[in-house]
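Examination of the molecular architecture
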Amino acid sequence: IIGGPHYSSDRSFGIGLVAAGTYRRDLTDTITPPSNVSVYGDISVILFYKLGIEGNHVGRNDSWRIDYDVYFLSFPDKYWGIGYDMNRNNGNETKYKRYQTRFKADLTWRIAPQLYVGPQILFDYTNAHDTDRPEMWHQRMHTFSTGAGLAIQYDTRDHLTNPYRGWFLRLEQMFFPKFIFNRYAFSSTEFTAKWYKQIWKGGVIATQFHALFTYGNTPWGMMARLGGSDTMRGYYEGR
């Protein structure tokens, strides 16, 4: 169990709590990497809160994996519209309340050493409340997106949750067609690359490259967002 205070430009001062654990299906199996699960919660002085659970369930001999992330958040957010020209204008800053629920999971099988391929699903509900400038959205202020696709990953890390060395490459191709209850039809391509190298005992260099592209009539709640507490913290997330 880990907890403590934090500060970020978009969420202000807050307190986070994570209960994390590892487990094995067979305690006599010392070859298969342990599975892991984390239950987390976060709350801040601006009335932001987030609750969720995420983890990796590893099959016997690491022949298959289930990766999942489920969360709900409530966030007093800001919005400047879509696109660079809208966001560079400070006069477009609009306050609103963002509610979001997301479920994302994939099941991948090992088809070659360290190479995994399998299907992926995603459900996302995003709702904008309490704003006096709804015309800034140009779309429905609540969106429900259901998607399916394919995940491919190459993983040579020595540990899933705290690696000291290795590569992690992952490509996700998702489709959100209208026939599975999407008002806005679109697709997305996401790529992540991570590299870890131990340079002294207790010291590790960790690098990350991430790209997300969307195509078609992408709803505002599913647009690629830069910034925030996870990536590029110097930017307000979503501007």
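These notes cover the structure that comes with them.

So, how was this worked out
- Residue positions are given per chain, counting from 1 as you read along its sequence in written order.
- This being a predicted model, a pLDDT of at least 70 is required before a residue's local features are given, and a value of 80 or more before pairs of side-chain atoms are given or counted; all residues contribute to the totals for chains, interfaces and linings.
- Side-chain calculation: all heavy atoms of the structure are included, whereas hydrogens and water are not.
- By the criteria applied, helices consist of DSSP H or I runs no shorter than four residues and strands consist of E runs no shorter than two, each listed in order from the N terminus.
- Exposure classes here rest on a 1.4 Å probe applied to the protein chains alone. A residue is buried below 20% of its type maximum, exposed above 50%, and partly exposed in between.
- In this description, contact between two residues means that some pair of their heavy atoms is separated by no more than 4.5 Å.
- Here the rule is simple: two strands pair whenever DSSP picks up at least two bridges between them.
- Nonpolar cores were defined as sets of buried Ala, Val, Leu, Ile, Met, Phe, Trp, Tyr and Cys residues, with membership established by side-chain atoms within 4.5 Å.
- Side-chain atoms alone can form a polar contact between residues adjacent in sequence; in general such a contact is a pair of N or O atoms within 3.5 Å, and within protein one must be able to donate a hydrogen while the other accepts it.
- Here a Phe, Tyr or Trp ring, Trp counted by its six-membered ring, pairs with any other such ring whose centre lies within 6.5 Å, and the pair is stacked when the planes are under 30 degrees apart, edge-to-face when over 60, and tilted otherwise.

If you trace the backbone, F103 turns up in strand β6 (residues 94–112). A relative accessible area of 30% places F103 in the partly exposed class. Filtering out sequence-adjacent residues up to four positions away, F103 remains in contact with D69, V70, I121, L122 and F123.

Secondary-structure assignment places R98 in strand β6. Exposure remark for R98: the relative accessible area of 3% places this residue in the buried category. A C-alpha to C-alpha distance of 12 Å links R98 and W220, two positions 122 residues apart in sequence. Setting aside its immediate chain neighbours within four residues, R98 contacts L73, S74, F75, D77, T126, N127, W220, G221 and R225.

Attention now moves to the pairing of strand β3 (residues 35–44). Across ten bridges, strand β2 (residues 12–23) lies against β3 in antiparallel orientation. Within β3, the position partnered with A20 by the bridge is S38. Relative to strand β4 (residues 49–58), β3 is paired through eight bridges, and the arrangement is antiparallel. Considered in β4, the bridge of N36 is made with N56. Remark: four residues form the turn of the hairpin made by β3 and β4, two consecutive strands paired antiparallel; L47 in that turn has positive phi of roughly 70 degrees.

Attention now goes to the nonpolar core. Soluble globular proteins tend to bury their nonpolar side chains together. Residues Y40, F48, Y71, L73, F75, W80 and Y236 constitute the largest nonpolar core, which totals seven residues. Counting residues per element, this core draws most heavily on strand β5 (residues 64–79), at three residues. Ignoring anything within four residues of it in the chain, the contact list for F48 reads R11, D42, I43, S74, F75 and P76. The next biggest cluster of nonpolar side chains, apart from the first, holds six residues, and it includes Y96, M136, W137 and W220.

This brings us to the side chain of Q120. Examined against the element boundaries, Q120 turns out to sit in strand β7 (residues 115–129). At a separation of 3.5 Å, a polar atom in the side chain of Q120 contacts the side chain of D106. Within the local environment of Q120, its side chain forms a polar contact with the side chain of E172, the two groups lying 3.3 Å apart. When sequence neighbours within four positions are dropped, the list of residues in contact with Q120 reads K104, A105, D106, G147, A148, G149, A151, R170, E172 and M174.

This paragraph deals with the side chain of T192. Along the chain, T192 falls in strand β10 (residues 186–200). Judged by its relative accessible area of 12%, T192 falls in the buried class. Beyond its immediate chain neighbours, meaning those up to four positions away, T192 contacts F168, L169, R170, F209 and H210.

For the rest of this paragraph, the subject is the packing of aromatic side chains. Any two aromatic rings considered together are summarised by their centre-to-centre distance and by the angle between their planes. The final tally for this structure, using the stated rule, is 14 aromatic pairs. With a centroid separation of 4.4 Å and an interplanar angle of 15 degrees, the aromatic rings of Y79 and W137 are classed as stacked. Residue Y79 is located in strand β5, and its partner W137 is located in the loop between β7 and β8 (142–155); the two are separated by 58 residues in the primary sequence. With a centroid separation of 6.3 Å and 55 degrees between ring planes, the pair formed by F191 and F209 is classed as tilted.

So far we have only geometry, and geometry alone does not tell us how the molecule works.
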